[in-house]
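So you can see what is in the structure, the chains are spelled out below.
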Amino acid sequence: MTPKRVCPVCGSTEFIYDPRRGEIVCAKCGYVIEENVVDEGPEWRAFDPDQRARRARTGAPMTLMIHDKGLSTDIDWRDKDIHGNQITGMYRNKMRRLRMWQRRMRINDAAERNLAFALSELDRMAAQMRLPRRVKEVAASLYRKAVMKKLIRGRSIEGMVSAALYAACRMEGIPRTLDEIAAVSKVSKKEIGRSYRFMARGLNLNLRPTSPIEYVDRFGDALGVSSKTKERAKKILREAIKRGITSGKGPTGLAAAALYIASLLEGEKKTQREVAEVAHVTEVTVRNRYKELVEKLGINVPI
């Protein structure tokens, strides 16, 4: 284990790297900890993205979202040579044949073909849900692990891809409901739930239950309420969790009810129907959770 670096003058552990001078300096007292540090960056400069792309001598970073992890070569779709001149005649046909064979050679067997299809489906679903790249990478990793453990055999690829995406969202703290996953998937909510439980057992995924607080910001933004209302809803939910009121209740219904109460308390009144539509729950669920929170927390809601 590498010992933690400490400033010999003031004992601080916070440092600043100055690439122009090649020095590491203490952020607190300014003492130079190390000098003549070798710059590991490129020796060239770029002033726009196009120039950077032309001067770079490395390829794209490795990614789990491509079946071969992006380590293979690729023939550009534009019929131009290295100088940007148009390729014509016999050479253009030759390049098109090479491009076709290159695509075929990247996928060697049925297993790779299935993986390529699964990852393209995963990318499509994540794009439609506007999920960040880290969620897609985690979902791709989970799906690859399921393939290695032979959990996919006998099950639909779409179902397992949807399950991996649902699990990844929970793992990264960006929870999405099964209804939201099903809306962009080609399988039913029931099939996704079944596949998720099977994957969780097979990969030993011990995911904590989703907190209703994690849904407040997204539901609040969809409703168009202020940050003050959202914070009030979170405060209500924290108290409910502290008292054990949320146990055994669906997190989306609780988040919806807390937002409904907070909107009434902050004078941004929203109807139960509006809140229910945003949370993808029924008005009955919102009403029941609303009554429970108001009664057990002793909240005086203005009529």
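Cut-offs and rules
- Residues numbered from 1 in each chain as written.
- Predicted model: local features only at pLDDT ≥ 70, side-chain atom pairs only at ≥ 80, totals over all residues.
- Heavy atoms only, no water.
- UniProt positions renumbered as here; feature names shortened; annotations may be inferred.
- Helix = DSSP H or I, 4+ residues; strand = E, 2+ residues; numbered from the N terminus.
- Contact = heavy atoms within 4.5 Å.
- Buried < 20%, exposed > 50% of the residue type's maximum accessible area, 1.4 Å probe, protein only.
- Pairing = 2+ DSSP bridges.
- Axes fitted to C-alpha atoms, helices over the stretch in contact; angles between N-to-C directions.

Visitor: Go over the UniProt feature "binding site: Zn(2+)" (unreviewed entry) in the protein chain, please, and point to the residues and values.
Guide: As recorded in UniProt, the feature "binding site: Zn(2+)" (unreviewed entry) lies at Cys7, Cys10, Cys26 and Cys29. Taken along the chain, the residues just named run across 23 residues; in space they keep tight, none of their C-alpha pairs more than 8.8 Å apart. Turning to its location among the elements, Cys7 is positioned in the segment before strand E1 (15-18). Residues in contact with Cys7, not counting those within four places in the same chain, are Ser12, Phe15, Cys26, Cys29, Tyr31 and Ile33. Assignment of secondary structure puts Cys26 in strand E2 (residues 23-26). With a relative accessible area of 3%, Cys26 lands in the buried category. When residues no more than four places from it in sequence are discounted, the contact partners of Cys26 are Cys7, Cys10, Ser12, Glu14, Phe15, Tyr31 and Ile33.

Visitor: Could you give me a rundown of the side chain of Gln272, with the residues and numbers involved?
Guide: Position of Gln272 relative to the elements: it lies in helix H11 (residues 272-279). Given a relative accessible area of 15%, Gln272 falls into the buried group. Contact partners of Gln272, with chain neighbours within four places excluded, come to Tyr260, Glu283, Val286, Arg287 and Tyr290.

Visitor: Kindly report on the sheet that holds E1, identifying the contributing residues and their values.
Guide: Taken in spatial order, the three strands line up as E1-E2-E3 in an open sheet, and their pairing is antiparallel. Each edge of the sheet is formed by a strand with only one pairing partner; in this case those strands are E1 and strand E3 (32-34). Neighbour to neighbour, the strand axes of the sheet diverge by 35 degrees on average, direction disregarded. Where E1 lies against E2, four bridges are found, and the strand directions are antiparallel. From the neighbouring strand, Phe15 faces E2, where its bridge partner is Cys26.

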